[in-house]
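For reference, the chains in residue letters:
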Amino acid sequence: MKYVVLVSHGTFAPGLHSVLKMLAGGDREDILSASMEDGMGADAFVERFEKTIQPIGPEDEILVLADIIGGSPLTNALDVLSKKGLLDKATAFGGMNLPMALTASMMKDALDGDSLAEALLQESRNGIQRMALDVGDEEEDV
């Protein structure tokens, strides 16, 4: 199975996971999340992450989506994957957003390797745009 694993500071990863349940189809066992909440130390996060990834085996693939590159959740998650011998089965991304996570959830089984990575990055970039707002210059009649 190919898993999407969301990690973050605060409640971003579980919140994004909740949105994915709405948009990508209910309680999917292939989407997992763990977060490092305010005041939580690295050891507590590692324990939480280890419990979160228990279903993942050596035959599985892992897409790790994190809030920021170099942050404690991502670095600790990758360390755990390394210690469990799963790092070679993982691809990691920083700067996750909803378009990236939704694309990962919906396209992970249709695309592989570089094609999937490029699709995730492209959707992530496309999801960030400035909206042109028309506030109108005309006064409304009252």
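Data block above holds the structure.
Basis of the calculations
- Residues numbered from 1 in each chain as written.
- Predicted model: local features only at pLDDT ≥ 70, side-chain atom pairs only at ≥ 80, totals over all residues.
- Heavy atoms only, no water.
- Helix = DSSP H or I, 4+ residues; strand = E, 2+ residues; numbered from the N terminus.
- Buried < 20%, exposed > 50% of the residue type's maximum accessible area, 1.4 Å probe, protein only.
- Contact = heavy atoms within 4.5 Å.
- Areas by Shrake-Rupley, 256 points an atom, 1.4 Å probe, with all protein chains shown as cover.
- Lys, Arg positive; Asp, Glu negative; His and termini not counted.
- Charge placed at Lys NZ, Arg CZ, Asp CG, Glu CD.
- Pairing = 2+ DSSP bridges.
- Right-handed = clockwise from strand over helix to strand, strands pointing away.

Caption draft 1: The overall build of the protein chain, seen in detail. Broken down by element type, the protein chain carries 5 helices and 4 strands. When the helices and strands of the protein chain are listed from N to C terminus, the series reads β-α-β-α-β-α-β-α-α. Taken over the C-alpha atoms alone, the protein chain extends approximately 70 × 40 × 30 Å along its principal axes. Taken across its 142 residues, the protein chain has 39% of its residues classed as buried. A separation threshold of at least 6 residues defines the contact pool for the protein chain, and within that pool the share at least 24 residues apart is 75%. Here the protein chain has roughly 8500 Å² of accessible surface; of this, 50% comes from carbon and sulfur atoms. Within the protein chain, one finds 11 positive and 25 negative side-chain charges whose respective centroids are separated by 10 Å.

Caption draft 2: Representation of the pairing of strand 3 (residues 61-66) in the model. Most of strand 3 sits out of view: 5 of its 6 residues are buried. Here 4 bridges tie strand 3 to strand 4 (residues 90-93), and the two strands are oriented parallel to one another. Along strand 4, the bridge assignment pairs Val64 with Ala92. At this point the chain moves from strand 3, through helix 3 (residues 72-83), to the parallel strand 4, and the crossover so formed is right-handed.

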